[in-house]
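# Architecture and fold: a report
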Amino acid sequence: MKILVVDDDFINRLAAHSLLEGRQHIVTEAEDGQMALEKIRNNQFDVILMDIHMPVMGGIEATQV
């Protein structure tokens, strides 16, 4: 599956990326909701894992756009 991991914490992104990629998934990362929306516009994902509280744009706000 193609998975987008959205989190402002580098360690959280790294852990999720390593775990998911180890299971043969294609992983893309974004640091905030705004960056996630840009990646969503240019790609199709099967799953999006998104943090709720992030700078610039949080997960709840990004899902409402």
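Residues numbered from 1 in each chain as written. Predicted model: local features only at pLDDT ≥ 70, side-chain atom pairs only at ≥ 80, totals over all residues. Heavy atoms only, no water.

## Structural notes on the sheet that holds strand β3 (residues 47–50)
- Judged by pairing direction, the sheet is parallel, and its three strands sit side by side in the order β2-β1-β3 without closing on themselves. Among the strands making up the open sheet, the edge pair consists of β2 (26–30) and β3. Going across the sheet, the axis of each strand differs from the next one's by a mean of 20°, ignoring polarity.
- Two elements, strand β1 (residues 2–6) and β3, share four bridges in a ladder whose sense is parallel. The partner of Val5 across the bridge, within β3, is Leu49. (Pairing = 2+ DSSP bridges. Helix = DSSP H or I, 4+ residues; strand = E, 2+ residues; numbered from the N terminus. Axes fitted to C-alpha atoms, helices over the stretch in contact; angles between N-to-C directions.)

## Remarks on the side chain of His17
- Within the secondary structure, His17 sits in helix α1 (residues 10–21).
- For His17, the residues in contact, after removing those within four places along its chain, are Val27 and Glu29. (Contact = heavy atoms within 4.5 Å.)

## Observations regarding helix α2 (residues 33–42)
- Taken together, the buried positions of α2 are Gly33, Ala36 and Leu37. Down the axis of α2, the buried set is contained in an arc of 100°. They therefore lie on one face.
- Its buried side turned inward, α2 meets β1, β2, β3 and α3 (59–64).
- You can read the cap of α2 off the contacts: a side-chain oxygen lies 3.0 Å from the backbone nitrogen of Gln34, and it is on Asp32. (Buried < 20%, exposed > 50% of the residue type's maximum accessible area, 1.4 Å probe, protein only. Arc of directions from axis to C-beta. Polar contact = N/O pair within 3.5 Å; in protein donor to acceptor, adjacent residues only side chain to side chain.)

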